[in-house]
Amino acid sequence: MPVTEALVTRNAVYSAEVLSRGGLAAKGAQKVAVVACMDSRVDVFAVLGLAPGEAHVIRNAGGLVTEDTIRSLTISQRLLGTEEILLIHHTDCGMLSFTDEELCRTLEEETGARPTWAPGSFTDLADSVRQSVTRIKASPFVPRADAVRGFILDLATGRLEEVDAAEA
């Protein structure tokens, strides 16, 4: 576990910084929640110019809006006061490189069990953003679904491009 040990050691520097600021607020100061891909190339805080404590960040493979994402957004809005939601997908996403059936078949062959969850692969970034916006807007649990915007982050330039959720 040498990598984990190094990361835990680095935590001492971070901890000193947090202590010098008097801690971090539990509620996002900007009242925004961001749903983004877990890809390590996507630094949500740097992309949006955020500091720790300013936004809730929910990450998963592909930045998809899943049932668990809705759960997190519901808590973020209803209990912690966020009012806006940003979705960020990105170019060169690994979710574009396989199909759900391919992955499920491989997992079943290797483990003897087929996953009960859908991997969520996609072939079109903008369409995937639109589907995620639609899932949020359709949820009765997310009270401020009118303030949802979706973007694609170009990893070559670092620029966000907004996806028109109305386009089909």
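Within any chain, residue numbers begin from 1 and follow the written order of that chain's sequence. Side-chain atom pairs in this predicted model are given and counted only at pLDDT of 80 or more, local residue features only at pLDDT of at least 70, and totals for whole chains, interfaces and linings cover all residues. For side-chain calculations, the full set of non-hydrogen atoms in the structure is used, while hydrogens and water are omitted.

## Quick word on the pairing of strand β4 (residues 148–153)
Regular strands place their side chains on alternate faces of the sheet. Under the convention used in this document: Between buried and exposed lies partly exposed: a residue is buried under 20% and exposed over 50% of the maximum accessible area for its type, with that area taken using a 1.4 Å probe on protein chains only. Numbering goes from the N terminus for both helices and strands, where a helix is a DSSP run of H or I of at least four residues and a strand is a run of E of at least two. What makes two strands pair is DSSP finding at least two bridges between them.
In terms of residue burial, β4 counts as a mostly covered element, since 5 of its 6 residues are buried. Direction of pairing for strand β3 (residues 84–90) relative to β4: parallel, over a ladder of 6 bridges. Bridge pairing in β4 places H89 opposite I152. Of the strand pairs in this sheet, β4 and strand β5 (residues 160–163) are connected by 4 bridges, and their pairing is antiparallel. The residue bridging F151 from the neighbouring strand is E162, located in β5. Counting the residues between successive antiparallel strands, the hairpin from β4 to β5 contains 6 residues, one of them, G158, with a positive phi of roughly 80°.

## As for the nonpolar core
Operational definition: Think of a nonpolar core as a cluster: buried Ala, Val, Leu, Ile, Met, Phe, Trp, Tyr and Cys residues, connected wherever their side-chain atoms sit within 4.5 Å. By definition in these notes, contact holds between two residues if any of their heavy atoms fall within 4.5 Å.
Counting 23 residues, the largest nonpolar core has L73, I85, L87, I136 and V142 as its most contacted members. For this core, the elements supplying multiple residues, two or more each, are β1 (32–37), α3 (67–78), β3, α5 (125–138) and β4. With 5 residues, α5 is the largest single contributor of residues to this core. Sequence-distant contacts of V142, that is, excluding residues within four places in its chain, are made with I70, L73, T74, Q77, I85 and I136.

## Quick word on the sheet that holds β5
Sheet strands line up and pair through hydrogen bonds in the backbone, either parallel or antiparallel. Note the cut-off: A fitted line through C-alpha atoms represents every axis, and for helices the fit uses only the stretch in contact; the resulting angles, taken between N-to-C directions, go from 0 to 180 degrees.
Spatial strand order, β2-β1-β3-β4-β5: 5 strands in an open sheet with mixed pairing. One side of each edge strand has no neighbouring strand; the edge strands of this open sheet are β2 (55–60) and β5. Neighbour to neighbour, the strand axes of the sheet diverge by 25° on average, direction disregarded. Along the sheet, α5 makes contact with β3, β4 and β5, crossing β3 at roughly 155°.

## Considerations on unusual backbone geometry
Positive phi outside glycine occurs at K31, with the angle close to 55°. Examined against the element boundaries, K31 turns out to sit in the loop between α1 (2–20) and β1. Even without being glycine, D92 reaches a positive phi, approximately 60°. Mapped onto the secondary structure, D92 falls in the loop between β3 and α4 (100–111). What makes D92 exposed here is its relative accessible area of 55%.

## Quick notes on the side chain of H56
Where we set the bar: By the criterion applied in these results, polar contacts are pairs of N or O atoms within 3.5 Å in which, for protein atoms, one can donate a hydrogen and the other can accept it, and in which residues neighboring in sequence qualify only through two side-chain atoms.
One can find H56 in strand β2. The exposure class assigned to H56 is buried, which follows from its relative accessible area of 14%. At 2.6 Å, the side chain of H56 and the side chain of S76 are in polar contact.

## Things to note about α1
Since the α-helix packs 3.6 residues into each turn, any two residues three or four apart lie on the same face. The condition is simple: An expected span of 1.5 Å times one less than the residue number is assigned to each helix. Here the bend at a residue is taken as the angle between two axes, fitted respectively to the seven residues that end there and the seven that start there.
End to end, α1 covers 28 Å across 19 residues, agreeing with the expected 27 Å (1.5 Å per residue, within 8%). At A12, α1 shows its largest bend, some 25°. Of all 19 residues making up α1, only 1 are buried, and the element is barely covered by its neighbours. Count one or two residues on from α1 and you reach G22, which has phi positive near 80°.

## A short note on the environment of S139
The residue S139 is located in the loop between α5 and β4 in this model. The spatial distance from the C-alpha of S139 to the C-alpha of T74 is 9.2 Å, given a sequence separation of 65 residues.

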